[in-house]
Amino acid sequence: MNDSIIVIFGATGDLAKRKLLPSLYRLFFKKKLNNVVIVGTAFDDVSAFEMLREAKKNIKDVDNEMWNDFSAYVYYQKLDFEKSNDFIDLEKNVALLEKKHDLSGRRLVYFSAPPNYFCTLTKLCAKSKLVQKKEFHSIVYEKPFGNDFVSAREINTCIKNYFNESQIYRIDHYLTKEIVSNIAMVRFSNIIFEPLWNNRFIDNIQIVLNENACIEGRGNYYDNYGAMRDVVQNHMLELLALIAMETPEKLTGEFIRENRAEVLRYVRVADGLLGQYQGYAQEKGVKKKSKTETLAALQLYVENERWSGVPFYLRTGKCLDAKKTAISITFKNVECLMAKGCPMDPNILTIGIDPQSLFSLHLNAKKAGVSDELTTMNMEYCHSCDLSALTPGSYETIFEELFRQEKSISVRFDEIESSWNIVDAAYAKNFPLYIYKKGTNGPDECQNFAKKHKIRWVL
């Protein structure tokens, strides 16, 4: 990663100070940034020092000498997202910095901003020539990409008026988590899984993204989105697409994106329920009597030849008793030939993503000391236990892949379009909204939902 300039819009915001700037520092510390200049922009009247001071609070074990060296390549410019003259001034300063640091002209522009600014920012970046239709000029859009199908399409139509698809990156950081990128490797490189990855052998698949945190002061944002728009539309449906996709020609770039997009075209919403934690409507920034969901449970089907008849269950919620993100693949039972121990537990492959990254395979075996009884055992590999020190953060990976122009980290627009279609269809079903207590597993109706569909939630 070298010889380029990174411009971050919204550089004083939460994402930039918690993730983007700390990740760039860590890459600099690891000597993976060589002559890379960073320019932060935002509405705030602050200095580069003040911007970095806030970011530094989110970095463990800062090497002060390295931090000072890193800071020498970081600049800040106050900018109004809707004033064309500010963009002209920004482009002039970027050009001067390229000359000062002897850069080649490679530019990476990162929009860490709400989606309602995407079209305006895109237009002004193009008109000021900050970003041009050049091979090494890239533009990055952080999720969420719109708030429904119509708004997403409007944003994308706007972007395509100014830039080529090869320059555009629509980021979902979940796709860069080490364990998530390992999912396809495990499936496609192991003969014990790949032939069984279909409706003949799999009973159901669960994707769970539970959070013990509440909305953490983000009421103004969250109340306009809710659980389905905030994480189902992007993180969870991208995980579903990765799990359910057909075998790509290669496990890279456009091959993976094409197969993910193909899966989402066949998803149908069958059942679901919504929840809201007690006290949500009293949170700062939330509308009184708000009906925004903080929990969602969905039953989906992928109606293609491979997955016909296999239910996919998605569950997510805030203010629950524990933080857990995992995928659980339950296989069908074999005929039980034992006199005791029947019915058997099914074989289950669990892929833990957060808080621990792991693969766990639930098997049946003979009970020790007894000739005709079964017991269960787990074969587990804890990825985060062995490799956490070597595992880069998601946004470190994002920047590395952006510099490599690796497209698999970017969500193609037809993926976004299909996922919004799914979420819009779920809202159209008007699923009931239930209230649940903070710090619990959600409303009782969640367990009733599980009993109805004869599953056990991954908790």
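Think of each chain on its own: its residues are numbered from 1, step by step along the sequence as written. Local features in this predicted model are restricted to residues whose pLDDT is 70 or higher, and side-chain atom pairs enter the listing and the counts only when it is 80 or higher, whereas totals over whole chains, interfaces and linings include all residues. Hydrogens and water are ignored here; the side-chain numbers use all heavy atoms of the structure.

Asker: Please clarify how unusual backbone geometry should be interpreted in this entry.
Answerer: For residues other than glycine, phi is negative in most cases, and the peptide bonds are mostly trans. For the bond running from lysine 143 to proline 144, omega is 5 degrees, close enough to zero to count as cis. Only DSSP runs of H or I covering at least 4 residues are called helices, and only runs of E covering at least 2 are called strands; the numbering of each starts at the N terminus. Tracing the backbone through its elements, the reader meets proline 144 in the loop between β5 (137–142) and α6 (149–160). Here aspartate 354 and proline 355 are connected by a cis peptide whose omega angle stands at 5 degrees. Structurally, proline 355 can be placed in the loop between β12 (348–354) and β13 (358–366). Within the chain, lysine 31 stands out as a residue other than glycine whose phi angle is a positive 65 degrees. The rule is simple: take the accessible area with a 1.4 Å probe, protein chains only, and divide by the maximum for that residue type; under 20% is buried, over 50% is exposed, in between is partly exposed. Judged by its relative accessible area of 69%, lysine 31 is exposed. Residue glutamine 405 is not a glycine yet carries a positive backbone phi of 60 degrees. With respect to the helices, strands and loops of the structure, glutamine 405 is situated in the loop between α12 (394–404) and α13 (413–428).

Asker: I would appreciate a short explanation of the side chain of histidine 362 in the present structure.
Answerer: Position of histidine 362 relative to the elements: it lies in strand β13. In this structure, histidine 362 is in contact with Asp345, Pro346, Asn347, Ile348, Thr376, Met377 and Asn378, ignoring residues within four places of it in sequence. In this description, contact between two residues means that some pair of their heavy atoms is separated by no more than 4.5 Å.

Asker: What's the story with the pairing of β13 in this structure? I'm lost.
Answerer: Along a regular strand, successive side chains alternate from one face of the sheet to the other. DSSP calls a pair of strands paired once it identifies at least 2 bridges connecting them. For β12 and β13, the ladder comprises five bridges, and the chain directions are antiparallel. Each residue of the ladder has a partner; that of isoleucine 348, found in β13, is histidine 362. Counting the residues between successive antiparallel strands, the hairpin from β12 to β13 contains three residues. In this sheet, strand β14 (residues 374–382) lies alongside β13 in antiparallel orientation, the contact comprising nine bridges. Following the sheet pairing, leucine 361 is matched in β14 by methionine 379.

Asker: Explain empty space enclosed by the protein to me, please; I cannot follow it from the model alone.
Answerer: Empty space among the atoms becomes apparent when a probe as large as a water molecule is rolled across them. Residues are said to line a cavity or pocket when one of their atoms sits within 4 Å of a point; the points come from a 1 Å grid over protein atoms alone, cavities being sets where a 1.4 Å probe fits but cannot get out and pockets being open sets with protein on both sides within 12 Å along at least five of seven lines. Grid points are joined across faces, edges and corners, and a volume is the space filled by probe spheres set on the points. With the rule as written, the count across this model stands at three cavities of 30 Å³ or more. Taken as a whole, the largest cavity holds about 110 Å³ of empty space. Taken together, 13 residues line the largest cavity, and the ones lying closest to its centre are Lys143, Phe145, Asn234, Val411 and Ile416. Among the elements of the structure, β5, β6 (168–171), α9 (226–244) and α13 are those that each provide at least two residues to the lining of the largest cavity. Its residues assigned to classes, the lining of the largest cavity shows five nonpolar, three polar and five charged. Each pocket or cavity is described by its volume, and for the second largest cavity that value is around 70 Å³. Every residue lining the second largest cavity is listed: Arg106, Arg107, Leu108, Phe136, Ser138, Leu402, Phe403 and Gln405. Put simply, Ala, Val, Leu, Ile, Met, Phe, Trp, Tyr, Cys and Pro go in the nonpolar bin, Asp, Glu, Lys and Arg in the charged bin, and everything else, Gly too, in the polar bin.

Asker: I tried to follow the sheet that holds strand β4 (residues 106–111) on my own but got confused; where do I start?
Answerer: Strand pairing in a sheet relies on backbone hydrogen bonds. The paired strands run either parallel or antiparallel. Pairing within the open sheet is parallel, and its six strands lie in the order β3-β2-β1-β4-β5-β6. A strand with exactly one partner marks an edge of an open sheet, and here the two such strands are β3 (74–78) and β6. Adjacent strand axes in the sheet meet at a mean angle of 20 degrees when their direction is disregarded. Sheet analysis places strand β2 (residues 34–42) next to β3, joined by five bridges and oriented parallel. Opposite threonine 41, over in β3, you have glutamine 77 as the bridge partner. Only the stretch in contact is used when fitting a helix axis, every axis being a line fitted to C-alpha atoms; angles between N-to-C directions are given from 0 to 180 degrees.

Asker: Sorry, what's going on with the state of the cysteines here?
Answerer: Each disulfide is one covalent bond, formed between the sulfur atoms of two cysteines. Two cysteine sulfur atoms form a disulfide, by the criterion used here, when they sit within 2.5 Å. Across all of its chains, the model carries two disulfides by this definition. A sulfur-sulfur separation of 2.0 Å characterises the disulfide bridge that pairs cysteine 119 with cysteine 158. Measuring the twist about the S-S bond at about 85 degrees, one finds the cysteine 119-cysteine 158 disulfide to be right-handed. With cysteine 119 in helix α5 (residues 118–127) and cysteine 158 in helix α6, the pair connects residues that are 39 residues apart, well separated along the chain. Disulfide pairing is shown between cysteine 214 and cysteine 319; the S-S distance is 1.7 Å. Between cysteine 214 and cysteine 319, the S-S torsion sits near 50 degrees, and that sign places the bridge as right-handed. Of the two residues, cysteine 214 sits in the loop between β7 (202–210) and α8 (219–222) while cysteine 319 sits in the loop between β10 (311–317) and β11 (324–331), which places them 105 residues apart along the sequence. Both residues of the pair, cysteine 214 and cysteine 319, belong to the buried class.

Asker: Help me understand the pattern of salt bridges, please; the structure alone is not making it clear to me.
Answerer: Pairs may arise between side chains of opposite charge once their charged atoms sit close together. A side-chain nitrogen of Lys or Arg and a carboxyl oxygen of Asp or Glu constitute a salt bridge if their distance falls within 4 Å. A full pass over the atoms with the stated rule returns 26 salt bridges. Two residues, glutamate 262 and arginine 265, come together in a salt bridge whose shortest N-O distance is 2.2 Å. Among the residues examined, glutamate 262 registers a relative accessible area of 30% and is labelled partly exposed. Each member of the salt-bridge network shares a partner with another, and the members are Glu258, Glu262, Arg265, Arg412 and Asp414.

Asker: How should I be thinking about the nonpolar core in this particular structure?
Answerer: A general tendency of soluble globular proteins is for nonpolar side chains to be buried together. Membership of the largest hydrophobic core comes to 104 residues, with the highest contact counts inside it found for Phe9, Leu240, Ile327 and Ile329. With 12 residues, α9 is the single largest residue contributor to this core. With sequence-adjacent residues up to four places away left out, isoleucine 327 is seen in contact with Ile183, Ile205, Gln206, Ile207, Leu239, Ile243, Leu349, Thr350, Ile351 and Ile353. Grouped together as the second largest cluster of nonpolar side chains are 36 residues, Leu24, Phe70, Tyr169 and Leu402 included. The criterion is simple. A nonpolar core is a set of buried Ala, Val, Leu, Ile, Met, Phe, Trp, Tyr and Cys residues joined through side-chain atoms within 4.5 Å.

By themselves, these are just geometric observations and shouldn't be taken as functional.
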